[in-house]
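# Examination of the molecular architecture
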Amino acid sequence: MTDGQNPFSRQERVVVIGAGLSGSLAAVYLARHGYLVDVYERRPDPRTAPAGLGGRSINLGLSARGMRALDEVGLLADVLKRSVPMRGRVVHSPDGAVRFQPYGVREHEILHSVLRDELIALLVDAAETSAGVRFHFGWRLNRLDRDTATVEVLSEAGGDPVEVGADLVVGADGIHSVVRQHLQRGLRADYSQEFLEWGYKELTIPVGDDGEPRVRLEALHVWPGESAMMVAHPNVDGSLTCSLFMPHEGPVSFATLDTPEAVLGFFRANFADAEELMPNLVEEIAGHPVGHLVTVRTAPWRHGDRVVLIGDAAHAVVPFYGQGMNSAFEDCLVLSDCLARHTDRAAALAAFEAARKPHTDVLADLSIANFVDLRDRVHKPGYTAHAVADRLLSRLMPDRWTPLYTMVAHTTTPYADALARAKRQDRILRGATAAAGALAALGAVTTIGAALRRRSRGR
Ligand SMILES: Cc1cc2nc3c(=O)[nH]c(=O)nc-3n(C[C@H](O)[C@H](O)[C@H](O)COP(=O)(O)OP(=O)(O)OC[C@H]3O[C@@H](n4cnc5c(N)ncnc54)[C@H](O)[C@@H]3O)c2cc1C
Ligand SMILES: NC(=O)C1=CN([C@@H]2O[C@H](COP(=O)(O)OP(=O)(O)OC[C@H]3O[C@@H](n4cnc5c(N)ncnc54)[C@H](OP(=O)(O)O)[C@@H]3O)[C@@H](O)[C@H]2O)C=CC1
Ligand SMILES: Nc1ccccc1C(=O)C[C@H](N)C(=O)O
């Protein structure tokens, strides 16, 4: 954006809480609006801290929405250089069959696997080289005065709290957002937090002894299953990071994987071909934490012209559609557009929430639905037949037919609009299937009738 277009060249100050995925990218966007930006992050600097801090959600699938938001600020090419393309899913069925399901019908309709820490480091670097952006690592938000946009931050190294005044506070502090708590305290705010009964643990498929990947690299591997499922994202070094999903408690659960025999027995029974790919399985199951899977729906996301929430702080979704980060990046782009369109910042923040919330609520539902699909359906004939019909129609009528997965992952069609269109398409497909069935039945009745007539004539 040029200074001529910039409605905020008054050097107003923004405090961003959280230098995760959304906070770091938001800093890049806000600097372009001429704001002075201070980002407070409770964790150490990702560029110097050991990789994988926190031990969870190591790599992520980047798709169209995230790519567009990165491209807008010139960062996409750098990110793609550090990613592995995922052209489809490789489904490892319980019966031993391994099948490839492409993610789209066009060359660009793919996902890109990228390491979370590397991506954040790249974004922090990019933000820091923007004029007016400073990062403060090892500082956590303690309190927020939402009316004055004053924050109180505490150093993780100890010492007294420090007060920092701003014109705007952006809450990019993730699923357990402290900004959100202070923003909504005492208001008639809506808040719901839904935990899945399943959790997840991250495991690895290391590079083979010959230095080559142990499985096809350019894909997301999925081991479906009703009592447990696993996915694996590829890494640039040829290894893959697996997320094992299963119930926290119960007869088949993380609670029962408590001896090496139990772990190996469980893998042999559920993911027969995975055991040999995972030489560190037993140690990793014992040593890695179990993460929770949560959906957060909430409102409001903003307070006057002073505070706004973005990313998981505003709308956390379970990871099964691979859209949490992508929608968080899309937030940065839409917020930036709203700030450019409205000189009154309160109106800009209201427009941002109105533009996003109906769609991220739908994303929450879509993400749970994709959990059920990946767990129970992707390896079954009904699902594959529907996917093949969907792709075929999309090839035949590219302007009039777009599969739901394509709209969600490979376009920036707002999530609720994508779902509404997919429902219309599904009605047509079901109608056509019923008509084809009726025609086939009519044909069968005619054939049977003719046969019966021939038989009664003694032929
Ligand atoms: C297993 C798994 C797989 C996933 N896969 C995908 C995927 O393939 N594609 C996809 O798009 N999304 C995926 N996601 C979702 C994605 O990780 C999140 O949506 C994304 O991290 C949200 O970004 P954020 O910036 O809003 O929050 P975060 O990335 O969580 O960042 C929040 C930051 O705020 C900091 N913070 C928190 N509290 C404070 C405080 N009080 N003071 C200062 N700093 C604070 C935190 O330390 C953190 O750095 C996945 C998630 C999981 C769990
Ligand atoms: N939607 C989903 O299902 C999930 C999404 N994610 C996303 O990925 C991001 C990164 O994941 P990860 O690094 O594992 O971070 P997490 O958010 O899972 O955990 C990091 C820290 O959050 C704090 N925390 C955990 N549970 C609670 C709670 N119930 N209430 C308050 N604070 C809590 C703890 O901090 P302390 O040590 O200070 O207590 C913990 O160390 C998350 O922030 C989230 O945005 C992650 C997991 C699931
Ligand atoms: N990121 C994830 C994390 C965990 C489980 C699935 C994913 C996916 O992205 C699945 C992908 N969208 C798929 O439909 O094949």
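Before any of the text, the structure's been laid out above.
Residues numbered from 1 in each chain as written. Chains lettered and ligands numbered in written order. Predicted model: local features only at pLDDT ≥ 70, side-chain atom pairs only at ≥ 80, totals over all residues. Heavy atoms only, no water.

Time to look at the pattern of salt bridges. Counting across every chain of the model gives 24 salt bridges. In this structure, the salt-bridge partner of Arg297 is Asp365, at a minimum N-O distance of 2.5 Å. Of this pair, Arg297 sits in strand β18 (residues 294–299) while Asp365 sits in helix α9 (residues 345–377), and the two are 68 residues apart along the sequence. The class for Arg297 is partly exposed, based on a relative accessible area of 23%. The partner of Glu330 in a salt bridge is Arg356, with the nearest N and O atoms 3.0 Å apart. Of this pair, Glu330 sits in helix α8 (residues 324–341) while Arg356 sits in helix α9, and the two are 26 residues apart along the sequence. Via salt bridges that share partners, Glu12, Asp305, Arg306 and Arg345 belong to a single interconnected network. (Salt bridge = Lys/Arg side-chain N within 4 Å of Asp/Glu carboxyl O. Helix = DSSP H or I, 4+ residues; strand = E, 2+ residues; numbered from the N terminus. Buried < 20%, exposed > 50% of the residue type's maximum accessible area, 1.4 Å probe, protein only.)

Moving on, we get to a positive patch on the surface. Side chains of Lys423, Arg424, Arg427 and Arg430 sit close together on the surface and give a patch of like positive charge. On the secondary structure map, Arg430 appears in helix α12 (residues 415–456). (Patch = residues over 30% accessible without salt bridge, like charges linked within 9 Å, V, L, I, M, F, W, Y side chains within 5 Å. Areas by Shrake-Rupley, 256 points an atom, 1.4 Å probe, with all protein chains shown as cover. Lys, Arg positive; Asp, Glu negative; His and termini not counted. Charge placed at Lys NZ, Arg CZ, Asp CG, Glu CD.)

Turning to helix α6 (residues 260–270), a few remarks are in order. When α6 is considered as a whole, its buried residues turn out to be Val263, Phe266 and Phe267. For α6, the angular spread of buried residues about the axis comes to 95 degrees, placing them on one side. For α6, the exposed residues lying more than 90 degrees away from the buried face are Glu261 and Ala269. At its buried positions, α6 is contacted by β14 (198–205), β16 (229–234), β17 (240–247) and α7 (281–287). (Arc of directions from axis to C-beta. Contact = heavy atoms within 4.5 Å.)

Quick look at the sheet that holds strand β9 (residues 139–145) now. With antiparallel pairing, the 3 strands of this open sheet are ordered in space as β9-β10-β11. Because the sheet does not close on itself, it has two edges, and the strands there are β9 and β11 (162–165). Geometrically, the sheet is characterised by an average inter-axis angle of 30 degrees between neighbouring strands, direction not taken into account. Looking at chain direction, β9 and strand β10 (residues 150–155) are connected through 6 bridges and run antiparallel. (Pairing = 2+ DSSP bridges. Axes fitted to C-alpha atoms, helices over the stretch in contact; angles between N-to-C directions.)

It is worth spelling out the packing of aromatic side chains at this point. Applying the stated rule across the entire model yields 11 aromatic pairs. Aromatic side chains Phe267 and Phe271 sit 5.5 Å apart centroid to centroid with 65 degrees between the ring planes, which places their arrangement in the edge-to-face category. Across the pair, exposure class does not vary: Phe267 and Phe271 are buried alike. Each member of the aromatic cluster is reached from another via a ring pair, and the members are Trp198, Tyr200, Phe245, Phe320 and Phe371. When the ring centre of Tyr415 is taken as origin, the NZ or CZ atom of Arg65, which lies over that ring, is 4.0 Å away. The ring of Tyr405 carries the charged tip of Arg89 above its face, separated from the ring centre by 5.7 Å. (Phe/Tyr/Trp six-rings, centres within 6.5 Å; stacked < 30°, edge-to-face > 60°. Lys NZ or Arg CZ within 6 Å of the ring centre and 35° of its normal.)

Relative to the 26 Å expected for 18 residues at 1.5 Å per residue, α8 spans 26 Å between its end C-alpha atoms, a close match to the ideal helical length. A large share of α8 lies buried, amounting to 15 of its 18 residues. (Expected span 1.5 Å × (residues − 1).)

In space, the 6 strands of this open sheet follow the order β8-β2-β1-β12-β20-β19, with mixed pairing throughout. The sheet terminates laterally at β8 (133–137) and β19 (302–303), the two strands that pair on one side only. Judged from the 3 bridges that link them, strand β12 (residues 168–171) and strand β20 (residues 307–309) form a sheet pairing that is parallel. What sits directly across from Val170, in β20, is Val308. Running at roughly 170 degrees to strand β2 (residues 36–41), helix α1 (residues 21–32) makes contact with β1 (13–17), β2, β8 and β12 of the sheet.

Most of the time, phi is negative for any residue but glycine, and the peptide bond is trans. Pro300 follows Ala299 through a cis peptide bond whose omega is 0 degrees. Located in the positive-phi region is Ala149, a residue other than glycine, with phi close to 55 degrees. Note that Ala149 resides in the loop between β9 and β10.

To describe two helices that pack against each other, one gives the angle between their axes and the distance between the axes. Contact pair α1 / helix α2 (residues 64–72): the axes reach a minimum separation of 10 Å and the direction vectors enclose 40 degrees. Compared by their axis directions, α1 and α2 come out oblique. For the pair α1 and α2, the crossing hand works out as left-handed. Each of Leu25, Tyr29 and Arg32 in α1 lies in contact with α2, whose residues at this interface are Ala69, Leu70 and Glu72. Here the contact of α1 with α2 is composed, by residue class, of 4 nonpolar, no polar and 2 charged. (Parallel < 35°, antiparallel > 145°, perpendicular 65-115°, else oblique. Left-handed = near helix turned anticlockwise from the far one by under 90°. Nonpolar A, V, L, I, M, F, W, Y, C, P; charged D, E, K, R; others polar.)

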